[in-house]
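# Descriptive analysis of the structure
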Amino acid sequence: MAPPSAPLPAFRQRQVISEPDHVYNELKQSFMIGEFEPGQRLTLPELAAAFGTSQMPVREATSRLVVARAIEAMPRRSMRVPQATVERMNALLPLRLHLEGEAARLAARRPDPELARTLAHIDEEMRATVPRQDTKTYLRLNQKFHFDLYNQCGNDDLVDLIELLWMRYGPLMSIVRSGVLSRTGAVRHAEAIEAIRRGNPEAARTAICADIAEAADAIRARISAGDAAPAQTRAG
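The structure reproduced in this document is the subject of the present report.

Parameters and conventions
Residues numbered from 1 in each chain as written. Predicted model: local features only at pLDDT ≥ 70, side-chain atom pairs only at ≥ 80, totals over all residues. Heavy atoms only, no water. Phe/Tyr/Trp six-rings, centres within 6.5 Å; stacked < 30°, edge-to-face > 60°. Helix = DSSP H or I, 4+ residues; strand = E, 2+ residues; numbered from the N terminus. Buried < 20%, exposed > 50% of the residue type's maximum accessible area, 1.4 Å probe, protein only. Salt bridge = Lys/Arg side-chain N within 4 Å of Asp/Glu carboxyl O. Expected span 1.5 Å × (residues − 1). Bend = angle between axes of the 7 residues up to and from the residue. Contact = heavy atoms within 4.5 Å. Core = buried A, V, L, I, M, F, W, Y, C linked by side-chain atoms within 4.5 Å. Pairing = 2+ DSSP bridges. Axes fitted to C-alpha atoms, helices over the stretch in contact; angles between N-to-C directions.

With that settled, the discussion passes to the packing of aromatic side chains. Counted by the stated rule, this structure contains 3 aromatic pairs. Note on Phe147 and Tyr150: the rings are 5.5 Å apart at their centroids and 75 degrees apart in plane angle, and the pair reads as edge-to-face. Here Phe147 pairs with Tyr150, and both are found in helix α6 (residues 135-150), just 3 residues apart, close to one helical turn. As far as burial versus exposure is concerned, Phe147 and Tyr150 are alike and both buried.

With that settled, the discussion passes to the pattern of salt bridges. Scanning all chains against the criterion turns up 14 salt bridges. The salt bridge involving Asp134 is made with Arg132; its shortest N-O contact spans 3.7 Å. Take Arg132: its relative accessible area is 53%, and that puts it in the exposed class. The closest approach of N and O atoms between Glu194 and Arg198, which form a salt bridge, is 2.4 Å.

A few words now on α6. For α6, which comprises 16 residues, the first-to-last C-alpha distance of 22 Å matches the rise-based estimate of 22 Å (1.5 Å per residue) to within 8%. Counting buried residues along α6, 12 of its 16 residues qualify, which places the element largely inside the surrounding structure. Among the residues of α6, those classed as buried are Thr135, Tyr138, Leu139, Leu141, Asn142, Gln143, Phe145, His146, Phe147, Asp148, Leu149 and Tyr150.

The next thing to look at is the environment of Ala203. Relative to the helices and strands, Ala203 is located in helix α9 (residues 201-224). Exposure remark for Ala203: the relative accessible area of 29% places this residue in the partly exposed category. Expressed as a C-alpha distance, the spacing of Ala203 and Ala192, which sit 11 residues apart in the sequence, is 7.0 Å.

For the rest of this paragraph, the subject is helix α4 (residues 86-107). Look at α4: 31 Å from first C-alpha to last across 22 residues, which is about the 32 Å you get at 1.5 Å a residue. The axis of α4 is deflected most strongly, by about 25 degrees, at Leu92, and proline Pro94 appears within four residues downstream. Listed as buried for α4 are Arg88, Met89, Leu92, Leu93, Arg96, Leu99, Glu100, Gly101, Ala103, Ala104, Leu106 and Ala107.

To continue, consider the side chain of His189. With respect to the secondary-structure elements, His189 resides in helix α8 (residues 178-198). For His189, the residues in contact, after removing those within four places along its chain, are Asp123, Met126, Asn142, Phe145, His146 and Asp211.

Within the largest apolar cluster, 65 residues are counted, with the highest numbers of intra-cluster contacts made by Leu27, Leu149, Tyr150, Tyr169 and Ile219. At 9 residues, the largest contribution of residues to this core is made by helix α7 (residues 156-173). Residues in contact with Leu149, not counting those within four places in the same chain, are Ala104, Ala107, Leu115, Leu119, Ile196 and Ile208.

What follows covers unusual backbone geometry. A positive phi is found at Arg69, a non-glycine position, where the angle reads about 65 degrees. Unusually for a residue other than glycine, Gln133 sits at a positive phi of about 55 degrees. Within the fold, Gln133 resides in the loop between α5 (113-129) and α6.

If you trace the 3 strands from one edge of the open sheet to the other, you get β1-β3-β2, paired in antiparallel fashion. Of all the strands in the sheet, the pair left with one neighbour each is β1 (41-43) and β2 (72-74). Shown here is a sheet whose adjacent strand axes are inclined to one another by a mean of 35 degrees, direction ignored. Pairing of β2 with strand β3 (residues 78-80) involves 3 bridges; the strand directions are antiparallel. Residue pairing across strands places Glu72 opposite Arg80, the latter belonging to β3.

Following this line, the structure appears as structure tokens:
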């Protein structure tokens, strides 16, 4: 079980958007790449301090995250990242397989050597993080790999739904080491890259679904063993 409190991610400075939107976008990204841990408690004051802002924009942003079911509202104005459970994974996984498989299929309807080169470069960066057990960087690059692919599907609504699922699923991915994920991920990513290069929609769908399902097996094993502490605290 994760500790009630853990270090917050390093948020970027606000760009030319409203403050609530900036806070929401930063939190959303952090949830998607597993920078928050299952069971982690959050409060408005600590998040406001991390962003260097008042509690008002943080309250608005976190309310959106509660609606998105990325976090749970708790007593005394605190919030909690949902606990890692097999039931939660089993509810989210079929949706990921269906939506992300379809996005990959749509993205591969025609050969795209340029996208294949981009994805291959990201995959190389991912593999370089494994000896360092740099799980956070691995997960950030993994998200980039998947969404660089999905963003070529031509369906913005589909990508929005996938983002919503990643916000809920991201903390689950933080409980396994990058080396565990990379053992199957490297093979499936290579298959997806080749499918994009050749323009093979069904092969792309199959590769992405296998990548998601095999990573889920590793996460499910950790949860079932009762070891859902974040990977970074166990490394070394």
